[in-house]
Amino acid sequence: LCLTAQMSKQWYQRRVRGGECETKTQDDCYCAIEFELSSKFSGRAFHMYYGLEGFYQNHRKYATSRSDKQLRGYPKYRDDSCEPFESDTTSETGETNADFYYAPCGLIANSMFNDTFQLDWISKTASDGTVIEINKKINFTRKGISWPSDHGIKFRNPAGADLVAAFNGTTKPPDWTKYAWELDPEDASNNAFLNEPFIVWMRVAAFPTFRKLYGRVQLDLNPELEGGLEQGKYRLTINYNYPVMYYHSKKFFVLSSTSIFGGRNLMLGVVYLVVGVLLAILAAVFACVVKKDLKSCFGR
């Protein structure tokens, strides 16, 4: 695992806290980062990740603020565990308006990451040093990024094809700009509780610094790429929607090649090595103890 992870390549971009986009007054705020791949990323697919630093998804109140039954296809299900984002209060007395339950409800859903990214191939350098202008958009997919054990099992849409009717009587979480059935205007099957970026976000991270899969660059979607991402200059354009200055955090973006075990990630290999060494030590200790006990029993 460690060897295959080392063979994978990745490009990492760490961004500063929000800047002028944190205090934006216009609807959209874009920033562009140009970077250069010093060597070719070979392979048939590449992973795009977004990451957050100092975001405690593992906080007890945050991690339990969700409704698993609602996410299994019952948008109108009321669950007290979603507090403080269970329902919208519209009266001065604070009484709950039953017509405005949040779907999805809870802190996790309300804080869903909503920055968007676009990757462009600007130019490449020929063997004779000539710079060749490319200026092509790198296509990627956001389908197939969630766990099979989540999609369609833990997360389901209401029965029937009309999601608008199924969600009638609910409203979007307060920090969302779209309703659940509008998350993917290009693919009707990737909306509401089956929206894969939403499912990825809802699987909470164990540590305050984490990254989550944003999309996959596949060669069949980019016929101009020959065997991988070519060495050259690229541009990452970010539609900045997700504020991080409020909780003193930072965002980052990772582009990684893949191996037979997925994207580059040393953690699993290191954990296996550490556990293996500990088990070997324990086995040696127990063997010595058993051998000593046998000697005392037989008087040898």
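Now for a look at the structure at hand.

So, how was this worked out
Residues numbered from 1 in each chain as written. Predicted model: local features only at pLDDT ≥ 70, side-chain atom pairs only at ≥ 80, totals over all residues. Heavy atoms only, no water. Buried < 20%, exposed > 50% of the residue type's maximum accessible area, 1.4 Å probe, protein only. Helix = DSSP H or I, 4+ residues; strand = E, 2+ residues; numbered from the N terminus. Pairing = 2+ DSSP bridges. Axes fitted to C-alpha atoms, helices over the stretch in contact; angles between N-to-C directions. Contact = heavy atoms within 4.5 Å. Disulfide = S-S within 2.5 Å. Polar contact = N/O pair within 3.5 Å; in protein donor to acceptor, adjacent residues only side chain to side chain. Phe/Tyr/Trp six-rings, centres within 6.5 Å; stacked < 30°, edge-to-face > 60°. Lys NZ or Arg CZ within 6 Å of the ring centre and 35° of its normal.

### Examining the pairing of strand β12 (residues 232-239)
- With 6 of its 8 residues buried, β12 lies for the most part within the structure.
- Alignment of strand β2 (residues 30-37) against β12, held across 8 bridges, turns out to be antiparallel. Residue pairing in the sheet places Glu-34 in a bridge with Arg-235 of β12.
- Looking at chain direction, strand β7 (residues 116-125) and β12 are connected through 7 bridges and run antiparallel. Bridge pairing in β12 places Gln-118 opposite Thr-237.

### Some remarks on the sheet that holds β2
- Taken together, the 4 strands give an open sheet; going across it, the order is β2-β12-β7-β8, and neighbouring strands pair in antiparallel fashion. The two strands at the open ends of the sheet, each matched to only one other strand, are β2 and β8 (131-138). When strand polarity is set aside, the average angle formed by the axes of neighbouring strands in this sheet is 20 degrees.
- Two strands pair when backbone bridges link them, and β7 and β8 are joined in this way by 6 bridges, in the antiparallel orientation. Bridge pairing in β8 links Asp-120 to Lys-137.

### Quick look at the environment of Pro-104
- In this fold, Pro-104 is placed in the loop between β6 (96-102) and α4 (107-110).
- The exposure class assigned to Pro-104 is buried, which follows from its relative accessible area of 1%.
- Linking Pro-104 and Phe-167, residues 63 residues apart in sequence, is a C-alpha distance of 10.0 Å.

### Quick notes on the environment of Pro-75
- Within the element layout of this structure, Pro-75 appears in the loop between α3 (68-71) and β5 (87-89).
- Between the C-alpha atoms of Pro-75 and Ala-192, which are 117 residues apart in sequence, the distance is 9.5 Å.
- Beyond its immediate chain neighbours, meaning those up to four positions away, Pro-75 contacts Gln-70, Ala-103, Pro-158, Ala-166, Phe-167, Thr-170 and Phe-193.

### Details of the state of the cysteines
- For the structure on display, the rule yields 1 disulfide.
- Here Cys-82 connects covalently by a disulfide to Cys-105, the sulfurs 2.0 Å from one another. Linking Cys-82 in the loop between α3 and β5 with Cys-105 in the loop between β6 and α4, this pair joins segments that are 23 residues apart in sequence.

### A closer look at the side chain of Asp-120
- Considering the arrangement of structural elements, one finds Asp-120 in strand β7.
- At 3.1 Å, the side chain of Asp-120 and the side chain of Gln-118 are in polar contact.
- Once residues lying within four places of it in the same chain are set aside, the contact partners of Asp-120 are Lys-136, Lys-137, Ile-138, Lys-233, Tyr-234, Arg-235 and Thr-237.

### A look at the packing of aromatic side chains
- Tallied over the full model, the rule gives 20 aromatic pairs.
- When the ring of Tyr-50 is compared with that of Tyr-214, the centres are 6.4 Å apart and the planes differ by 85 degrees; the resulting orientation is edge-to-face. Within this pair, whereas Tyr-50 is found in strand β4 (residues 45-53), its partner Tyr-214 is found in strand β10 (residues 210-218), the two being separated by 164 residues in sequence.
- Judged by centre distance (5.8 Å) and plane angle (50 degrees), the rings of Phe-140 and Tyr-214 are tilted. Taken as a pair, Phe-140 in the loop between β8 and α5 (163-166) and Tyr-214 in strand β10 lie far apart in primary sequence, 74 residues in all.
- One aromatic cluster in this structure is built from Tyr-50, Phe-55, Tyr-62, Phe-113, Phe-117, Phe-140, Trp-201, Phe-210, Tyr-214, Tyr-242 and Phe-253.
- Seen from the ring of Tyr-74, Lys-69 lies directly overhead, with NZ or CZ sitting 5.6 Å from the centre.
- Its guanidinium or amino end placed over the ring of Tyr-214, Arg-142 lies 3.7 Å from that ring's centre, counting from NZ or CZ.

### Notes on unusual backbone geometry
- Residue Pro-84 is reached from Glu-83 by a cis peptide bond, and omega for that bond is 10 degrees.
- Examined against the element boundaries, Pro-84 turns out to sit in the loop between α3 and β5.
- The peptide bond linking Ala-103 to Pro-104 adopts the cis configuration, its omega dihedral lying at 5 degrees.
- Although it is not a glycine, Asn-135 adopts a positive phi angle of roughly 50 degrees.
- Relative to the assigned elements, Asn-135 resides in strand β8.
- Taking the relative accessible area as the measure of exposure, Asn-135 reaches 52% and is therefore exposed.
- In this model, Ala-192 sits at a positive phi of 60 degrees, which is unusual for a non-glycine residue.
- By the element assignment, Ala-192 lies in the loop between β9 (170-171) and α6 (196-202).
- Looking at Ala-192, the relative accessible area reads 2%, which means it is buried.

So yeah, pure geometry; function would need other evidence.
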